[in-house]
Amino acid sequence: MAFTRPKLATGVRLHRDKVREQDVLLFPEGALVLNETALEVLDLVDGERTLDDIAAVLSERYEGANVKDDVAELLDGIGERGLVVEADG
Amino acid sequence: MAEWPEGAPHPLLLIAELTYRCPLHCPYCSNPTDIGASKYTDELPAEDWQRVFREAADLGVLQLALTGGEPMARKEIVDLTRTATEAGLYSTLVTSALPFPKRRVEALHEAGLDHVQISFQHADPGLADEIGGTIAFDRKVKAAALARELDFPLTVNCVLHRRNIDAVDSIIDMAVELGARRLELANTQYHGWATVNRDALMPTRAQLERGEEAVKAARERLGASLEILWVLPDYYEELPKPCMGGWAQDAALVQPNGDVLPCQAAASIPDIAIDNVRDKSLREIWLESEMFNAFRGTDWMQEPCRSCPLGRQHDDHGGCRCQALALTGDAAATDPVCQFSPHHDTIVAARREADDPEPAEPAPFVYRDLIPQ
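Residues numbered from 1 in each chain as written. Chains lettered and ligands numbered in written order. Predicted model: local features only at pLDDT ≥ 70, side-chain atom pairs only at ≥ 80, totals over all residues. Heavy atoms only, no water.

Trainee: Account for the overall build of chain B, naming residues and giving values.
Mentor: Of the regular secondary structure elements, chain B holds 15 helices and 9 strands. In terms of C-alpha radius of gyration, chain B reaches 20 Å, essentially the compact-globule figure of 21 Å for 373 residues. Burial analysis of chain B (373 residues in total) assigns 57% to the buried set. Excluding contacts between residues fewer than 6 apart, the proportion of contacts in chain B whose partners are at least 24 apart in sequence is 74%. Summed over all atoms, the accessible surface of chain B reaches about 15400 Å², with 52% contributed by carbon and sulfur. Averaging the locations of the 35 positively and 58 negatively charged side chains of chain B gives two centres separated by 3 Å. (Helix = DSSP H or I, 4+ residues; strand = E, 2+ residues; numbered from the N terminus. Rg over C-alpha atoms; globule rule 2.2 N^0.38 Å. Buried < 20%, exposed > 50% of the residue type's maximum accessible area, 1.4 Å probe, protein only. Contact = heavy atoms within 4.5 Å. Areas by Shrake-Rupley, 256 points an atom, 1.4 Å probe, with all protein chains shown as cover. Lys, Arg positive; Asp, Glu negative; His and termini not counted. Charge placed at Lys NZ, Arg CZ, Asp CG, Glu CD.)

In structure tokens, the structure reads:
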């Protein structure tokens, strides 16, 4: 089930790990290492933008490529762990 | 700063035991049994803690557990939290919620505290207070409500044992009602005070199996709305766990007096020097101290670990050093939880004892206390 207007769940935040030179999502008792794509998407997840907005921003960045399905899939995966939730819910 | 030695691990977690003072008396507390000793009452000043937090972030630590004892008993808790936030650490307050005054908790929120974990002893108020040795249950419920009101993510932690494991279902219901997002159902591991109380705490195999079934059913029912952690006690395993993710691999623990250890129980290991953050930087201790290097890697291993038939040396790191010491007298022995350990019979015997028909009167608890034992 795709998100309409995703946001990071309470207590979840992005963090630049300077020591390991990587970006991570921090949450209660855990950390998830993010690849470049995941970071780009999560940077746009703010509880304001809709999934369409996020896909549009990225599409523009990548010369019109259709990225909506990929974005939805990525957020669903993170959502299954309860780290991203529906802002409108 | 000097270059990082090749292959040396970076810690992910700092466990800051700010004090051993605590209003609860839980008989399974993982703190040392000599918490009342004068060395621990000489608590590390706040400025030292703040330096340690900054040093930890520079070492690669991402997660900070503010714990104890009861961390809220340290009056500088808000300042300490603010420093952790400034250093970029993800902070968890691991609390009994006694005390949990509104203004202070609001100040913690303001200071950037990320996550609150509240301990519960049972879902039944009377039994909970009996286990914790303090009238606490109602205050914990109120504290959980306050944490949610301030929009903290909430973890409920309940250490399981013979006297509460049959209530797993109602403990799960309670966590849902409290608005928890995570529930840690941690079966007692036998370190610290739990060793003293092993006979009174160890569940039967049937109890464990029922508990596990209840957790499975609840996970299906609740999905992602409540993450339930279920940790099997080592005593009912045939292969050891990688204790702390491997000795001195992922975590460092600082005791209230500034002593630095790889785990809660490491001070029980004799004849290894313990370094203190008052004398050395956390980096120097992590990389160079005798304690942290004692069982790092695999060179220290004896048989049967050395030629492990399953090749698990890098998976379980030989299991728990403190458990090996407690059950065999040798901290470098294979963890007796392992089916290949020549001392595995000590584990089997303890299980058998727990499985004996329950005595009419449960074994009495020895409650955690600051009075030296």
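Trainee: Give a detailed account of unusual backbone geometry, specifying residues and quantitative values.
Mentor: Keep in mind that most residues, glycine aside, have a negative phi and that most peptide bonds are trans. Here the amide bond leading from Gly 68 of chain B into Gly 69 of chain B is cis, since omega sits at 10°, within 30 degrees of zero. Note on placement: Gly 69 of chain B falls in the loop between β2 (63-67) and α3 (77-86). Along the chain, Glu 303 of chain B connects to Pro 304 of chain B via a cis peptide bond; the corresponding omega equals 5°. Not every positive phi belongs to a glycine, and Glu 29 of chain A is a case in point at roughly 65°. Here Glu 29 of chain A is to be found in the loop between β3 (22-27) and β4 (30-34). One non-glycine residue with positive phi stands out, namely Glu 63 of chain A, at about 50°. Secondary-structure assignment places Glu 63 of chain A in the loop between α2 (51-61) and α3 (68-79).

Trainee: Please provide a residue-by-residue account of the sheet that holds β2 of chain B, values included.
Mentor: Residues and elements named next belong to chain B. The sheet built from 9 strands is open, its strands ordered β7-β6-β5-β4-β3-β2-β1-β8-β9 with mixed pairing. Both edges of this open sheet fall to β7 (227-231) and β9 (260-261), since each of them pairs with a single strand only. Relative to β9, strand β8 (residues 251-254) is paired through 2 bridges, and the arrangement is antiparallel. Following the sheet pairing, Leu 253 is matched in β9 by Leu 261. (Pairing = 2+ DSSP bridges.)

Trainee: Tell me about the sheet that holds β3 of chain A, and name the residues and values.
Mentor: Residues and elements named next belong to chain A. Strand order in this open sheet of 3 strands is β2-β3-β4, and the pairing throughout is antiparallel. The sheet is open, and its two edges are formed by β2 (13-17) and β4, each paired on a single side. Within this sheet the neighbouring strands show an average axis-to-axis angle of 35°, counted without direction. Where β3 and β4 come together, 5 bridges link them in antiparallel fashion. Paired with Val 24 across the bridge in β4 is Val 33. Docked against the sheet, helix α1 (residues 36-44) engages β2, β3 and β4, running at close to 110° with respect to β4. (Axes fitted to C-alpha atoms, helices over the stretch in contact; angles between N-to-C directions.)

Trainee: Pulling in residues and values, what's your account of the side chain of His 15 of chain A?
Mentor: Tracing the backbone through its elements, the reader meets His 15 of chain A in strand β2. Overall, His 15 of chain A belongs to the buried group, its relative accessible area being 17%. For His 15 of chain A, the residues in contact, after removing those within four places along its chain, are Gln 22, Asp 23, Val 24 and Leu 26 of chain A together with Leu 62 and Gly 88 of chain B.

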